[in-house]
Amino acid sequence: MLFNDRYIEVNKYPDGFVYPRRKYQDLARFSALRGDFGPGEADALVASQVGAISQLLRDKKGSFRQQRRLPDGRVVETLVTALPTGGFVKTYEDITERVRSEAERAQLTEKYHAAQKTQFASAHARLNEFDQAEVNIEKALKLNPRMGSAHAVMGYIELQGKRDIVSAQKQFQEAMALEPTNDSVRDLMGVALYQEGRYSEAIRYFEDALRINPNNTQAILLQTGFVHAAALCNFNLQSTSLVDEPVSTRTAGSSEDVGSSAMIASGPMDRARAMATR
């Protein structure tokens, strides 16, 4: 058995454990007991490793590749290649960073596709095509369950498409928990509370939205003389979309994350507050 220092370093064998006449089975058993081959009985794990190599030795050709995640979090890839003259060569490579980078790219891809599906859902919602909107937003949430704007769109579908205020509020609460500085989700929560007749609570959400973003210019129209807006009963998004562009191109908490409702001008706000506290 021939080896180099890198072999010992990658496998983290104890000093003096590996030497030229050491049997491969001994090394495999050490790795199995340490958990390098994953869960299972050590004897079975060693037999699997030795069996695969024995087949190569009989054929004197071929190779196989394995990837293992070690207990310490590292990912090691091994390539076992048979030699025509007998014996085999086994190379080890620490691919932890490569695997991490691939996982990060996959995650970014999923977020991008989730943002696309959320945009499609928003577009259908603006046309009151709530069935198509729901299909897309469910796909978005499956790809990225922690996407606040997707929960906001789902809440809008529940609110306007299904008239389910309770379910809508749950979605808005989830969106706010995921995106605490998103002013537009608070607008939508305020709309839901208004439709439920909880005017004082609704006003607080609108005020929160304005504190987060004083430049939020989407006004919720309140009818003069009473705390409600005719627009709330037929709330639509003709002037703006729920999600205007992919998440990756916007800053967190931007009013464009959901982009739907809310700023009450000081006059209607004062009237609403007065009516709500009578």
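Residues numbered from 1 in each chain as written. Predicted model: local features only at pLDDT ≥ 70, side-chain atom pairs only at ≥ 80, totals over all residues. Heavy atoms only, no water.

Participant: Kindly report on the overall build of the protein chain, identifying the contributing residues and their values.
Facilitator: A tally of regular secondary structure across the protein chain gives 11 helices and 3 strands. The linear arrangement of helices and strands in the protein chain, starting from the amino end, is α-α-α-β-β-β-α-α-α-α-α-α-α-α. The buried share among the 278 residues of the protein chain stands at 42%. Summing over all exposed atoms, the protein chain offers an accessible surface of approximately 15,100 Å²; the carbon and sulfur share of this is 51%. (Helix = DSSP H or I, 4+ residues; strand = E, 2+ residues; numbered from the N terminus. Buried < 20%, exposed > 50% of the residue type's maximum accessible area, 1.4 Å probe, protein only. Areas by Shrake-Rupley, 256 points an atom, 1.4 Å probe, with all protein chains shown as cover.)

Participant: Tell me about the pattern of salt bridges, and please be specific about residues and values.
Facilitator: In the structure shown here, the tally under the stated rule is 15 salt bridges. Among the ionic pairs, arginine 22 bridges to aspartate 26, the shortest N-O distance being 3.5 Å. Owing to a relative accessible area of 32%, aspartate 26 belongs among the partly exposed residues under this scheme. It is possible to trace a salt-bridge network through shared partners that takes in Arg65, Glu77, Arg98 and Glu102. (Salt bridge = Lys/Arg side-chain N within 4 Å of Asp/Glu carboxyl O.)

Participant: Give a description of the confidence of the model for the protein chain that names residues and reports values.
Facilitator: Any residue range with low pLDDT should be treated as having predicted coordinates unsuitable for detailed reading. In the predicted model, the protein chain carries a mean pLDDT of 78, and 77% of its residues have values of at least 70. When pLDDT is averaged over each element of the protein chain, helix 7 (residues 165-178) comes out on top at 95 and helix 10 (residues 230-233) at the bottom at 40. Counting interchain partners and residues more than four positions distant, the pLDDT-below-50 stretch residues 219-278 has 145 contacts. (pLDDT = per-residue confidence, 0-100. Contact = heavy atoms within 4.5 Å.)

Participant: Can you tell me about the environment of asparagine 128, naming the residues and giving the values?
Facilitator: In this fold, asparagine 128 is placed in the loop between helix 4 (96-126) and helix 5 (130-143). Separated by 33 residues in sequence, asparagine 128 and glycine 161 have C-alpha atoms that sit 7.3 Å apart.

Participant: Which residues make up helix 7, and what values go with them?
Facilitator: Given a rise of 1.5 Å per residue, 14 residues ought to cover 20 Å, and the 20 Å separating the end C-alpha atoms of helix 7 matches this to within 8%. Regarding helix 7, the residues found buried are Ile165, Ala168, Gln169, Gln171, Phe172, Ala175, Met176 and Leu178. Looking at the buried positions of helix 7, the neighbouring elements they touch are helix 6 (148-161), helix 8 (183-195) and helix 9 (199-212). (Expected span 1.5 Å × (residues − 1).)

Participant: Kindly report on unusual backbone geometry, identifying the contributing residues and their values.
Facilitator: Residue lysine 60 is not a glycine yet carries a positive backbone phi of 55°. By the element assignment, lysine 60 lies in the loop between helix 3 (42-59) and strand 1 (63-69). The backbone of asparagine 128 shows a phi angle near 60°, a positive value even though the residue is not glycine. On the basis of relative accessible area, asparagine 128 is assigned to the partly exposed category, the value being 48%.

Participant: Please provide a residue-by-residue account of helix 2 (residues 24-34), values included.
Facilitator: If you check which residues of helix 2 are buried, you get Tyr24, Leu27, Ala28, Ser31 and Ala32. With its buried residues spanning 135° around the axis, helix 2 presents them on a single face. Looking at the packing, one finds that the buried side of helix 2 touches helix 1 (5-11), helix 3 and strand 3 (88-94). Positioned one or two residues after helix 2, glycine 35 has a phi angle of 95°, which is positive. (Arc of directions from axis to C-beta.)

Participant: Mind laying out the pairing of strand 3, listing which residues take part and the relevant values?
Facilitator: Consecutive residues of a regular strand have side chains that alternate between opposite faces of the sheet. As paired strands, strand 2 (residues 75-82) and strand 3 are joined by 7 bridges and run antiparallel to one another. Bridge pairing links alanine 82 to phenylalanine 88 in strand 3. Adjacent in sequence and paired antiparallel, strand 2 and strand 3 are bridged by 5 residues, among which glycine 86 carries a positive phi angle near 105°. (Pairing = 2+ DSSP bridges.)

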